[in-house]
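For reference, the chains in residue letters:
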Amino acid sequence: MILVTGGTGYIGSHTVVQLIEAGHDVVIIDNLSNSKLDVLDKIQEITGVRPLFYHIDLLNMDDVERVFNQNEIKAVIHFAGFKAVGESVQIPMAYYQNNITGTLNLCMIMDKYKCKNIVFSSSATVYGLNNISPLTEDLPLSATNPYGQTKLMIENILKDIYVSDDEWSISLLRYFNPIGAHHSSLLGENPRGIPNNLVPYIAQVAEGSLEKLKVFGDDYDTIDGTGVRDYIHVEDLARGHILALNYVFKHKGVEAINLGTGNGSSVLEVIKAYEKECGKAIPYEIVARRAGDVDICFANPQKAKDLLKWEATKTLDEMCRDSWNFMVTTRKS
Ligand code: NAD
Ligand code: UFG
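Structure report, in brief. (Residues numbered from 1 in each chain as written. Chains lettered and ligands numbered in written order. Predicted model: local features only at pLDDT ≥ 70, side-chain atom pairs only at ≥ 80, totals over all residues. Heavy atoms only, no water.)

### Quick word on the sheet that holds strand β4 (residues 75-78)
With parallel pairing, the 7 strands of this open sheet are ordered in space as β3-β2-β1-β4-β5-β6-β11. At either end of the open sheet lies a strand with only one pairing partner, and these are β3 (52-54) and β11 (253-259). On average, each strand axis in the sheet is tilted by 20 degrees relative to the strand beside it, whichever way the strands run. Both strand β5 (residues 117-123) and strand β6 (residues 169-175) contribute to a ladder of 7 bridges, which runs parallel. Each bridged residue has a counterpart across the sheet, and for Asn 117 the counterpart in β6 is Ser 169. Where helix α5 (residues 92-112) meets the sheet, its contacts fall on β1 (2-5), β4 and β5, and the angle it forms with β4 comes to roughly 175 degrees. (Pairing = 2+ DSSP bridges. Helix = DSSP H or I, 4+ residues; strand = E, 2+ residues; numbered from the N terminus. Axes fitted to C-alpha atoms, helices over the stretch in contact; angles between N-to-C directions. Contact = heavy atoms within 4.5 Å.)

Structure follows, in C-alpha cells:
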C-alpha cells in the first residue's frame, strides 16, 4: 500500500491515477483544505478504482497513526502542505505549523511503523534568487519567503533523519512550474479566488471571468523582457513520482532531484501558446515587476534522467491545450 498525503490535490490526484495504473494499492490522506471530495469520483472514472480515503489532518497525530495501524504502508508520497507564496508572508505561523509540524508528525509515525521510504514534494524555490539557470541539485540553497523556508527546512529535516538512521530512503523532488491537466479533462488545477500563478490566471482570462492578465515586468534580461520559467506538464511530473518511488524502494539514502523540462518559456511565449490552443486573444498589460521574482529559472534535468530514467515529454502547447480543455469542461459541469 502506498500512502499519498494531499492525494486529492492538483499534483497528488494525477499521481494517484498513475500509481493505480501502475498496479499500486493507494490510500489517501487529505483534509480537503485545498481540494474537493469529488476528485475521488474523477480518479475512479479514469482508473476504475476508488482509492481508500481518510479525511484527516496531518496535524492530528492520532489520526495519522490510525492510517498506519489499519494499513500496511510501504512508502509515502508526501504532497500535503500549504503552497501560496504571498499567503505565506501574511500568515507565516500557519505555514510553519501546517508544513513543518505536519511533516514531522508523518515522519514520526512512519518511523514508529518502520516505514522508511518517502518521496517529498520540494520546489525549485529552494534555489533562491542568486543561482544562475540551468539549476543543478548541488547549488547553494536559500529561501525568500515562509513557504520557501518550509520546503528548505523539510529538506533539511529529512536529511537529518537519514543521518540518524541509514535505513531511510528519501527522495526530495524539486518541481519547477507544474501546469496543465489530465488529458481526460477530469482532473486539473482549480484554485480558489483569484489565481496567483500565471497559467491558472490566463485560463480565467480566456474563459472570461477575469478581464486581463497583468504581466509582471518586461525589462528582465530575457528573450522578450518577460520572466522565463520551466513549465512542466503535471502528467510528466506525476510520472516522475512513480519512478522516484521505484528508486526509493531500491536505494537507501537521500537524493534531491529536479523535475523540470530543462527549457525556459517567457510569459509572452506562454500567452501566445495559450491563445493558439483556446482560439482567443488573451488581453494583457505590462505592469511593474513582482517582488521576489527572478528573471530566469529553469532546470538542469540530467540527474532525473540518470537516476530515475525520467524525462519530460509534453510540449508547452500540450500543457496549454490540456489546461484550456479542463477549464472548458469544469465550467460546463
Ligand atoms: P494542492 O493544494 O492542490 O494539494 C495539496 C493538498 O494537501 C490539498 O488537497 C490540501 O487539501 C492538502 N493538505 C494541506 N494541508 C494538509 C494537512 N495538514 N493535512 C492533510 N491534508 C492537507 O497543491 P499541489 O499544487 O498539488 O502541490 C502539492 C505539493 O507540491 C505541495 O507540497 C506544494 O508545496 C508542492 N509544490 C507545488 C508546486 C506548484 O506549483 N503546484 C510547485 C512546487 C512544489
Ligand atoms: N506572472 C505574471 N503575471 C501573473 C502571474 C505570473 O506576469 O499574474 C509571471 C511571473 O512574474 C513569472 C511567471 O509569470 O515570471 C511565472 O509566475 P508563477 O507565479 O506562475 O510561478 P513562479 O515561478 O513565480 O512560482 C512557482 C510557484 C512557487 C514555486 C516556483 C518554483 O508559485 O511556489 O514556481 O517551483 F516555488
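Next comes the rest of the description.
### Let's talk about the packing of aromatic side chains
Applying the stated criterion across every chain yields a total of 4 aromatic pairs. Ring geometry for Tyr 274 and Trp 324: centres 6.4 Å apart, planes at 80 degrees, overall edge-to-face. Taken together, the residues span a long stretch of sequence, with Tyr 274 in helix α9 (residues 267-278) and Trp 324 in helix α11 (residues 316-332) at a distance of 50 residues. The lysine or arginine in question, Arg 289, covers the ring of Tyr 220, its NZ or CZ lying 4.0 Å from the ring centre. (Phe/Tyr/Trp six-rings, centres within 6.5 Å; stacked < 30°, edge-to-face > 60°. Lys NZ or Arg CZ within 6 Å of the ring centre and 35° of its normal.)

### Observations concerning empty space enclosed by the protein
For the coordinates displayed, the defined rule picks out 2 cavities of 30 Å³ or more. Computed from the structure, the largest cavity encloses a volume of approximately 170 Å³. For the largest cavity, the lining is made up of 17 residues, of which Glu 189, Pro 200, Ala 203, Ser 323 and Phe 326 are closest to its centre. Residue assignment for the lining of the largest cavity shows that the elements contributing at least two residues are α7 (198-207) and α11. Among the elements that make up the lining of the largest cavity, the one with the highest residue count is α11 (5 residues). Across the lining of the largest cavity, the residue classes break down as 9 nonpolar, 6 polar and 2 charged. Put simply, the second largest cavity is a space of about 30 Å³. Taken together, His 78, Ala 80, Gly 81, Phe 82, Asn 99, Thr 103, Phe 120, Lys 151 and Ile 154 form the lining of the second largest cavity. (1 Å grid on protein atoms, 1.4 Å probe; cavity = no way out; pocket = protein on both sides within 12 Å on 5 of 7 lines; lining within 4 Å. Points joined across faces, edges and corners; volume = space filled by probe spheres on them. Nonpolar A, V, L, I, M, F, W, Y, C, P; charged D, E, K, R; others polar.)

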